Amino acid sequence: MGSWELAQRWADALDGVVAPTLNRSQIDEMLAALCTGLIDAARGGEDPDIARRAARMLVAANYRDPSAVSRSVPVLCADLVEIAADGPADPALPQIRDRAIALAADFAAGFTAALRGAALAEQEATLSAVLAAAQEAENRRALSEARFEAVFDGALVGIGTVDMSGQVVNCNTTLAHMLGRTPETMPGRTVADILGPNNLNYAFEQLQRMVAGETESFRTETEHLHTDGRVTAIDLSMSAVRGADGGIEFLIGVAVDVTERKQLADRLWHDANHDALTGLPNRPHLFNRLAQAQPPIGVCYLDLDGFKEINDLWGHTIGDRVLQVVADRMRDAVSPADALAARIGGDEFLVLVENCSGEAQLAHLADELLSALTAPLAVNGHMLAVGASIGTAFFEQLPGAVDELVHAADAAMYRNKNDARRDPAR
């Protein structure tokens, strides 16, 4: 098996998502070229942009539905590992699996960025067309007004104009609905009155600066709170339209409802930064937090005792459920305001404490975690017992390499585990 086999599996997974711009043969060839780079990256190759490039190429081929991500991630996390590894006994399998997970996270992030780029490009094209039509209306009013009205009324993006007193001149149906209004109720009213006090935010401040003649244009992403509590995310661009004498005659705005895109981006970010089984933050998210943590720093490194025996005796389904119960108990034992609990792999977990008061706080937290985790677990009708070994490390200042924190706590955990084996009474 190789890149062509992986490409075939990927194409099968994507089948039916959308109507792509390519036929199946072209899709297979495109994916095969990408899979060659992905397999090399999973084996340790140095192409940091391969996953994001793959996402961009899929979006360019019209794979723009969120399900393209949910169908691609299993291919990258499972099929890629199977093909990149030299069988289940390959000693490099754990590293290949970790690289595949990182590639999946990069692919999800790249997919979001590519979607945003495509939406912005379409918005820019629309804004350019509207501005061109509006300018032409001053020179060839009879013909260009008809064109402008066609673009204005039929556009799938919101379009509105504001005079230099801050009053709405007109708007299309799309913009009115985006703001929870009807087109008939908006002309003649001030922008502040239409938006209401809850929405007089940064975008409104920029609009006031344009009305005052201080700026020519701006673009921002803003949220609009509706009276029923709904929140719409809007990508807004506004520009000044000048007359023949060079003076600003009115302001024109183009708005795109990006609520679904923002929700998708939030969901993709969460999926890329959290463990799929337990829902806890994952290793990459933890290391990002470590790099920005506020010292003094404390960490508790936790390893489950007897977990392999549970997997061997009861199977991995029960083992996965045990990990989920352990994660739930860690959430209950750790205050999110003071600490972050994460799963860093297998049956290993880590708790990060920022602004830690010292070893005593870490010792108390370790006792709380042990007490929570060593209580019997009821899993699918079975009463199971799982132990835990915990090591702690305290740093007054953030070390130069953040993995020093993890290594120090890991070493302390293994010392505690070995001491317990030599002295079973402990």
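Going along each chain's sequence as written, the residues are numbered from 1 onward. Confidence filtering applies because this is a predicted model: local features only for residues at pLDDT of at least 70, side-chain atom pairs given and counted only at 80 or more, and all residues used for totals across whole chains, interfaces and linings. Side-chain descriptors were evaluated using all non-hydrogen atoms of the structure, hydrogens and water having been removed beforehand.

A. Summary view of helix α9 (residues 202-211). Three or more residues of α9 are buried, namely A203, F204, Q206, L207 and M210. Projection of α9 onto a plane perpendicular to its axis shows the buried side chains occupying an angular sector of 160°, all on one side. Any two residues whose heavy atoms approach within 4.5 Å at even a single point are treated as in contact. Secondary structure follows DSSP: runs of H or I at least 4 residues long count as helices, runs of E at least 2 residues long count as strands, and numbering of each begins at the N terminus. Looking at the buried side of α9, the elements it contacts are α8 (191-195), β3 (217-225), β4 (231-242) and β5 (248-257). In protein, a polar contact means a hydrogen-donor-capable atom and an acceptor-capable atom, both N or O and within 3.5 Å, with residues adjacent in sequence counting only if both atoms are side-chain atoms; elsewhere, any N or O pair within 3.5 Å suffices. N-cap assignment for α9: the residue whose side-chain oxygen lies 3.2 Å from the backbone N of A203 is N201. Partly exposed describes any residue whose relative accessible area lies between the buried limit of under 20% and the exposed limit of over 50%, with all areas from a 1.4 Å probe on protein chains only and scaled to the type maximum. Throughout, the arc means that of the directions going from the helix axis to the C-beta atoms.

B. Representation of the packing of helix α12 (residues 307-314) against helix α13 (residues 316-333). In the contact formed by α12 and α13, the axes pass within 7 Å of each other and the chain directions differ by 145°. Counting all contacts with α12, which are made through F307, I310, N311 and W314, the residues of α13 involved are H316, I318, G319, V322 and L323. In the scheme used here, Gly and all other residues not listed as nonpolar or charged are polar, with Ala, Val, Leu, Ile, Met, Phe, Trp, Tyr, Cys and Pro taken as nonpolar and Asp, Glu, Lys and Arg as charged. Broken down by class, the residue content of the contact of α12 with α13 amounts to six nonpolar, three polar and no charged. A fitted line through C-alpha atoms serves as each axis, taken over the contacting stretch for helices, and the angle formed by two N-to-C directions is quoted from 0 to 180°.

C. Structural detail: the nonpolar core. Residues belong to a common nonpolar core when they are buried Ala, Val, Leu, Ile, Met, Phe, Trp, Tyr or Cys residues joined through side-chain atoms within 4.5 Å. Counting 45 residues, the largest nonpolar core has W10, L31, L80 and F107 as its most contacted members. Contributions of two or more residues to this core are made by α1 (3-14), α2 (24-42), α3 (50-60), α4 (67-84), α5 (93-139) and α10 (259-273). Ignoring anything within four residues of it in the chain, the contact list for L31 reads A7, W10, A11 and L58. C300, V326, V353 and C356 belong to the second-largest nonpolar core, a separate cluster that totals 31 residues.

D. Region of interest: the pairing of β3. Residues F218, T220, T222 and H224 point to one face of β3 and are all buried, whereas S217, R219, E221, E223 and L225, pointing to the other face, are not buried. Relative to β4, β3 is paired through nine bridges, and the arrangement is antiparallel. Each bridged residue has a counterpart across the sheet, and for L225 the counterpart in β4 is V231. Two strands make a pair as long as DSSP finds a minimum of two bridges between them. A loop of five residues connects β3 with β4, the two strands running antiparallel in sequence, and G229 in this loop sits at a positive phi of about 95°.

E. Summary view of the packing of α1 against α2. Interhelical geometry of α1 versus α2 gives an angle of 125° and a closest axis separation of 7 Å. As the angle between them shows, α1 and α2 are arranged oblique. As for the relative orientation of α1 and α2, their crossing is right-handed in sense. Contacts from S3, W4, L6, A7, Q8, W10, A11 and D12 in α1 reach R24, I27, D28, E29, L31, A32, C35, T36, L38 and I39 in α2. For the contact of α1 with α2, the per-class residue count stands at 11 nonpolar, three polar and four charged. Any angle from 65 to 115 degrees is called roughly perpendicular, while one under 35 is roughly parallel, one over 145 is roughly antiparallel, and all others are oblique. Should the near helix be turned anticlockwise from the far one by less than a right angle, the crossing is left-handed, and should it be turned clockwise, the crossing is right-handed.

F. Here's a closer look at the state of the cysteines. Any two cysteine sulfur atoms lying within 2.5 Å of each other are counted as a disulfide. As enumerated under the stated definition, the model contains zero disulfides in all. C77 carries a free sulfur, and the closest cysteine sulfur to it, the one in C35, is 14 Å from it. Since its relative accessible area comes to 30%, C77 is described here as partly exposed.

G. A look at the environment of A114. Within the element layout of this structure, A114 appears in helix α5. Its relative accessible area of 14% is what places A114 among the buried residues. Spatially, the C-alpha atoms of A114 and N282 are 24 Å apart, while their sequence positions differ by 168 residues. Setting aside residues no more than four positions away along its own chain, A114 makes contact with A55, R56 and V59.

H. Up close: the pattern of salt bridges. Throughout this description, the term salt bridge denotes a Lys or Arg side-chain nitrogen within 4 Å of a carboxyl oxygen of Asp or Glu. The final tally for this structure, using the stated rule, is 21 salt bridges. R53 is the salt-bridge partner of D47, the closest N and O atoms lying 2.8 Å from each other. Taking the relative accessible area as the measure of exposure, D47 reaches 27% and is therefore partly exposed. Close ionic contact of D106 with R52 constitutes a salt bridge, the shortest N to O distance being 3.9 Å. Residue D106 is found in helix α5, and its partner R52 is found in helix α3; the two are separated by 54 residues along the sequence. By relative accessible area, D106 is classed as partly exposed at 26%. Each of E5, R9, D79 and E82 takes part in salt bridges that share partners, so that together they form one network.

In short, shape yes, function no, at least from these values alone.
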